[in-house]
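Structural overview for review
For reference, the chains in residue letters:
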2 protein chains.
Amino acid sequence: MKQYIVQIEKELSKYIAVLNAPSIIKEAMDYSLQAGGKRIRPILLLSTLHALKQDINKGLACACAVEMIHTYSLIHDDLPAMDNDDLRRGKPTNHKVYGEAIAILAGDGLLTYSFQLIAEDQQLTPTAKLELMKLLSIAAGAEGMVGGQVADMQGENTTLSIDQLEYIHANKTGKLISFSVMAGALIGGATQKQQELFEKYANHIGIAFQIRDDVLDIEGNQDVVGKTIGSDVTNHKSTYPSLLSLEGAKERLQYHIEQAKGILRQTGLQTDLLSQMTDLIAVRDH
Amino acid sequence: MKQYIVQIEKELSKYIAVLNAPSIIKEAMDYSLQAGGKRIRPILLLSTLHALKQDINKGLACACAVEMIHTYSLIHDDLPAMDNDDLRRGKPTNHKVYGEAIAILAGDGLLTYSFQLIAEDQQLTPTAKLELMKLLSIAAGAEGMVGGQVADMQGENTTLSIDQLEYIHANKTGKLISFSVMAGALIGGATQKQQELFEKYANHIGIAFQIRDDVLDIEGNQDVVGKTIGSDVTNHKSTYPSLLSLEGAKERLQYHIEQAKGILRQTGLQTDLLSQMTDLIAVRDH
């Protein structure tokens, strides 16, 4: 898995290096890409290819694309007009370093580049590229991540139902996580039955990921998490712990992790890496 | 040409209406899409199809996509961190109506949706879709529009050379205008020779468009232009008139218009609408 991270980060650097653009925007894009994320989405994509015993190189461009989309969303979310965060992964946020205007444009550039990466990739078939770009645009757009972010903002200072909370997270974080697994399945030539199992699996880890996020906002070590702890309470946000109690949230986390791992076993594939990723989502400290 | 505008605006509305997303983001996206632009880019695309005697319906999705990209760029450019404009096309800018956070997300949503429109279109061939998405991502991204916007910001309070000025505008506005013509040529099945002519034509009207923009910032009627006049001088921006004098800029505008129309004649195609568009770019009052 560490190998995957090294490879992804090398590719991301290369993609920025070859851009024929003003150096300040390349720097700003690179700064956030290289700020040391966990690379959960690209690793999920490559681990799904690994499960299907496929060459992971076939998924590298798409893995970088999804990491770029994720990174752009963080840059825009951190802006003063949005969450107004000064720290991300323990480092100053993009707009703190480059100013708001460049941060907005760096996000726009990453979002746009992600589609170019897939469109120009040499390893994917035209059919796969088209399907991936379609799924990615849906997962990332107003019907997915952007819509979830809007619903999240609207939910502040309100007590949400657990259904409303799940709607927000299914869109805000779930759909891009789900895309990552499904992209691996698609590139790796999974059967219809396998794709259905991967989709269920992805839904469970998407929810588990968010519950862990909420728990970390209460129990996490700020230096390790790399962002301000306790901000959900400060911002009066409904979270799994606030709706289910801390213990209840942890039980639900455990439930989704077990379901996810059960589904992996059902696939009969080489899911050792996906299983490790699932555990990592449950116990991660940042 | 008025028919084209009606059709494009109807399609844009439909695309927003079918989105399964929080109503506030749909409203914000729709607000700027329906704010009464000149629709120059989509009309160029459809007029190029018309020149090739092709069914313009084949280009409608792509025409809407390019208008969405243009609109997202205006929403983000108007933000307080960027140009801080309160008025656009005579109406309050997106963030003035919906707040900065929603305006940023509406831009992100439009940019992402533009790729979905092309990916999901029923009329284009898979090969055409892939090529269009590749060209669009390049034209709109850090190597195109986003890069041009960065260079434009960096050029404020500096006296630029005419080459630097042309670099900025070739990227900031030229590449998306060029994409619009080239997308029409591609969808319409233009020959290699025709594509080369269309590319040259597009370069000339791209520059002409920008010169006219600079001239309008001096001579325009604020109520008609729909945005603050004189802002280039206030912002100490280099412009064609500031580098070439107002008369010199007008001469250069005329030169590019004549070149563009000469190229249209060379194609031997049904270029009446493109020719009208070219004149419109030269004399438009907003």
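Reading the values: rules and limits
Residues numbered from 1 in each chain as written. Chains lettered and ligands numbered in written order. Predicted model: local features only at pLDDT ≥ 70, side-chain atom pairs only at ≥ 80, totals over all residues. Heavy atoms only, no water. UniProt positions renumbered as here; feature names shortened; annotations may be inferred. Helix = DSSP H or I, 4+ residues; strand = E, 2+ residues; numbered from the N terminus. Rg over C-alpha atoms; globule rule 2.2 N^0.38 Å. Buried < 20%, exposed > 50% of the residue type's maximum accessible area, 1.4 Å probe, protein only. Contact = heavy atoms within 4.5 Å. Buried area = accessible area lost by both parts, 1.4 Å probe. Salt bridge = Lys/Arg side-chain N within 4 Å of Asp/Glu carboxyl O. Polar contact = N/O pair within 3.5 Å; in protein donor to acceptor, adjacent residues only side chain to side chain. Nonpolar A, V, L, I, M, F, W, Y, C, P; charged D, E, K, R; others polar. Phe/Tyr/Trp six-rings, centres within 6.5 Å; stacked < 30°, edge-to-face > 60°. Least-squares fit on C-alpha atoms with pLDDT ≥ 70 in both. Expected span 1.5 Å × (residues − 1). Lys, Arg positive; Asp, Glu negative; His and termini not counted. Axes fitted to C-alpha atoms, helices over the stretch in contact; angles between N-to-C directions. Parallel < 35°, antiparallel > 145°, perpendicular 65-115°, else oblique.

Under an unreviewed UniProt entry, the name given to chain A is Farnesyl diphosphate synthase, and the source organism is Heyndrickxia shackletonii. Looking at the Cofactor (unreviewed entry) heading of the UniProt record, one finds this comment for chain A: "Mg(2+)". What the UniProt record of chain A gives under Catalytic activity (unreviewed entry) is the line "isopentenyl diphosphate + (2E)-geranyl diphosphate = (2E,6E)-farnesyl diphosphate + diphosphate".

1. So, the overall build of chain A
A count of helices and strands for chain A gives 14 helices and two strands. Since a compact globule built from 286 residues should have a radius of gyration of about 19 Å, the 18 Å found for chain A is in line with a globular shape. By principal-axis analysis of the C-alpha atoms, chain A measures approximately 50 × 50 × 30 Å. Taken across its 286 residues, chain A has 58% of its residues classed as buried. For chain A, long-range pairs separated by at least 24 residues make up 72% of all intrachain contacts whose partners lie at least 6 apart in sequence.

2. Some details on the interface of chain B and chain A
Counting residues at the interface gives 45 residues for chain B and 45 residues for chain A. For the pair chain B and chain A, the summed buried area comes to about 3,700 Å², and 76% of that belongs to carbon and sulfur atoms. Between chain B and chain A we count zero salt bridges in total. Counting the contacts that link chain B with chain A gives four residue pairs in polar contact (both at pLDDT 80 or more). Sorting the residues of the side of chain B that touches chain A by element identifies helix 2 (23-33), helix 4 (60-78), helix 6 (100-120), helix 7 (126-140) and helix 8 (145-154) of chain B as the ones contributing at least two each. In terms of residues, the side of chain B that touches chain A owes the most to one element, helix 6 of chain B, which gives 13 residues. For the side of chain B that touches chain A, a count of residues per class yields 29 nonpolar, ten polar and six charged.

3. What to know about the packing of aromatic side chains
Applying the stated criterion to the full structure yields five aromatic pairs over all chains. Here the aromatic rings of Tyr15(A) and Tyr113(A) are separated by 6.3 Å at their centres, their planes lie at 85 degrees, and the arrangement is edge-to-face. One end of the pair, Tyr15(A), is in helix 1 (residues 2-17); the other, Tyr113(A), is in helix 6 (residues 100-120), and 98 residues separate them in sequence. The exposure classification of Tyr15(A) matches that of Tyr113(A), with both residues buried. When the centroid spacing of 5.7 Å and the interplanar angle of 70 degrees are considered together, the rings of Tyr31(B) and Tyr98(B) count as edge-to-face. One end of the pair, Tyr31(B), is in helix 2; the other, Tyr98(B), is in helix 5 (residues 94-98), and 67 residues separate them in sequence. Residue Tyr31(B) is classed as partly exposed on the basis of its relative accessible area, which comes to 22%.

4. Remarks on the relation of the copies chain B and chain A
In the superposition of chain B on chain A (RMSD 0.0 Å, axial shift 0.0 Å), the rotation amounts to 180 degrees. When the rotation and shift are considered jointly, the pair of chain copies conforms to a two-fold rotation axis. Taking C-alpha positions as the reference, the residue of chain B nearest the rotation axis is Leu130(B), at 3.3 Å. Counting the interface residues of chain B, we find that 100% of their copies in chain A are interface residues as well, pointing to one common contact surface.

5. Section: the pattern of salt bridges
Inspection of every chain in the model, using the stated rule, returns 20 salt bridges over all chains. Among the ionic pairs, Glu9(A) bridges to Arg39(A), the shortest N-O distance being 2.8 Å. Placement of Glu9(A) in helix 1 and of Arg39(A) in the loop between helix 2 (23-33) and helix 3 (40-51) is noted, with a sequence separation of 30 residues between them. With a shortest N-O distance of 3.0 Å, Asp152(B) and Lys237(B) are connected by a salt bridge.

6. Thoughts on helix 4 (residues 60-78) of chain A
For helix 4 of chain A, with 19 residues, the first-to-last C-alpha span of 27 Å sits near the 27 Å given by 1.5 Å per residue. Most of helix 4 of chain A is tucked away, with 19 of its 19 residues classed as buried.

7. Focus on the side chain of Arg212(A)
Residue and element names in this part refer to chain A. Looking at the secondary structure, you find arginine 212 in helix 10 (residues 192-219). One buried charged side chain, arginine 212, makes no salt bridge at all; its nearest oppositely charged neighbour is glutamate 219, positioned 4.9 Å away. When residues no more than four places from it in sequence are discounted, the contact partners of arginine 212 are Leu253, Ile281, Ala282, Val283, Arg284 and Asp285.

8. Considerations on the packing of helix 9 (residues 162-187) of chain B against helix 13 (residues 240-267) of chain B
Residues and elements named next belong to chain B. Relative to each other, helix 9 and helix 13 sit at 75 degrees, their axes nearing to 12 Å. One element, helix 9, and the other, helix 13, form an angle in the roughly perpendicular class. Of the residues in helix 13, those in contact with Ile162, Leu165, Glu166 and His169 of helix 9 are Tyr240, Leu243, Leu244 and Arg252. Partitioning the contact of helix 9 with helix 13 into residue classes produces five nonpolar, one polar and two charged.

9. Points about helix 6 of chain A
An α-helical segment advances 3.6 residues per turn. Residues three or four places apart therefore align on the same side. Under the 1.5 Å per step criterion, the end-to-end length of helix 6 of chain A is 30 Å for 21 residues, consistent within 8% with the ideal 30 Å. Of all 21 residues in helix 6 of chain A, 19 are buried, a share of seventy percent or more.

10. Thoughts on unusual backbone geometry
Within the chain, Lys53(A) stands out as a residue other than glycine whose phi angle is a positive 55 degrees. Its place among the elements puts Lys53(A) in the loop between helix 3 and helix 4. Positive phi outside glycine occurs at Asn84(B), with the angle close to 50 degrees. By the element assignment, Asn84(B) lies in the loop between helix 4 and strand 1 (87-88). Take Asn84(B): its relative accessible area is 45%, and that puts it in the partly exposed class.

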